[in-house]
Amino acid sequence: MATKIRLQRFGKKGKPFFHVVVADSRSPRDGKFIERLGSYNPNTNPATIEINFEKSLDWINKGAQPTDTCRAILSYKGVLYKKHLEGGVKKGALTAEQAEAKFAEWLGAKGEQIEGKKDNLTKSKGEVKIAALAAEAKKNADRGAAIALKNAPVVEEVVEEPVAEEATEETAVAETPSEENKEEA
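Notes on the structure in this doc start here. (Residues numbered from 1 in each chain as written. Predicted model: local features only at pLDDT ≥ 70, side-chain atom pairs only at ≥ 80, totals over all residues. Heavy atoms only, no water.)

1. Topic: the overall build of the protein
- From N to C terminus, the protein includes five helices and five strands.
- Secondary structure elements in the protein, listed N-terminal to C-terminal, are β-β-β-β-α-β-α-α-α-α.
- Burial status across the protein gives 22% buried among its 185 residues.
- Just so you have it, the protein exposes about 13800 Å², and 55% of that area is on carbon and sulfur atoms. (Helix = DSSP H or I, 4+ residues; strand = E, 2+ residues; numbered from the N terminus. Buried < 20%, exposed > 50% of the residue type's maximum accessible area, 1.4 Å probe, protein only. Areas by Shrake-Rupley, 256 points an atom, 1.4 Å probe, with all protein chains shown as cover.)

2. Let's talk about the side chain of Ser56
- The residue Ser56 is located in helix α1 (residues 53–62) in this model.
- Since its relative accessible area comes to 0%, Ser56 is described here as buried.
- A distance of 2.9 Å separates a polar atom in the side chain of Ser56 from the backbone oxygen of Asn52.
- Beyond its immediate stretch of four places on either side in the chain, Ser56 contacts Leu37, Ile51, Leu74 and Val79. (Polar contact = N/O pair within 3.5 Å; in protein donor to acceptor, adjacent residues only side chain to side chain. Contact = heavy atoms within 4.5 Å.)

3. Brief notes about the sheet that holds strand β2 (residues 17–24)
- Pairing within the open sheet is mixed, and its five strands lie in the order β4-β3-β2-β1-β5. The open sheet terminates on both sides in strands that have one partner only, identified here as β4 (48–51) and β5 (65–66).
- Pairing of β2 with strand β3 (residues 35–41), which is carried by five bridges, proceeds in the antiparallel orientation. Across the sheet, Val20 pairs through a bridge with Gly38, a residue of β3.
- The sheet contacts of α1 involve β1 (3–10), β2, β3, β4 and β5, and relative to β3 the element is tilted by about 115°. (Pairing = 2+ DSSP bridges. Axes fitted to C-alpha atoms, helices over the stretch in contact; angles between N-to-C directions.)

4. Some points on helix α4 (residues 96–151)
- The end-to-end C-alpha separation of α4 is 82 Å, in line with the 82 Å expected for 56 residues at 1.5 Å each.
- Those residues of α4 that sit buried are Ala99, Phe103 and Lys110.
- Tucked into the core, α4 has its buried residues touching α1, α2 (68–77) and α3 (79–91). (Expected span 1.5 Å × (residues − 1).)

5. Here's the deal with the packing of aromatic side chains
- One pass over the full model with this rule turns up five aromatic pairs.
- Consider the rings of Phe53 and Phe103, whose centres lie 5.7 Å apart with planes at 45°: the pair is tilted. With Phe53 in helix α1 and Phe103 in helix α4, the pair connects residues that are 50 residues apart, well separated along the chain.
- Look at Tyr81 and Phe103: their rings are 6.4 Å apart centre to centre, the planes differ by 25°, and that puts the pair in the stacked class. Residue Tyr81 is located in helix α3, and its partner Phe103 is located in helix α4; the two are separated by 22 residues in the primary sequence.
- When its relative accessible area of 27% is taken as the criterion, Tyr81 is described as partly exposed.
- Three or more aromatic residues joined by ring pairs make a cluster, and in this case those are Phe53, Tyr81, Phe103 and Trp106. (Phe/Tyr/Trp six-rings, centres within 6.5 Å; stacked < 30°, edge-to-face > 60°.)

Structure, rendered in structure tokens:
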């Protein structure tokens, strides 16, 4: 029987949640399965992956073929790397102690990488929140200034005196040419 390690979908529309299962390759996606290996939740950042390492490694060694997504999940958790190192021990390229040391080193580096990503996400969330608060404070200050300007009493200035002076000068200039025209005639 050909077995596959694949995802079985759960969750509501738009919020998927998957179980990682070993199933006969002929069975439907959400149908009958042989064994449940873990779960995968892509809704969180970073995605939450819980895998039974020993069972997964056992099924991979038995010949179960993972789907593309499950291959990525198993690689992320180190199951495929562990299988690779065990193959090197069987061939004589490594000793069991060397393989364990390499795997432990890889696990440490991977753990640091995951923690770094979580820290960056936390920092970026904090920075976004601070920027949003600053923008909101500026917007509120602008609104307050606009309301204060709108509610301020209107002061009217008397501008009629300069207009009257200009009008008398224009009339004097206008009268002068007409008088000159009369005298010439």
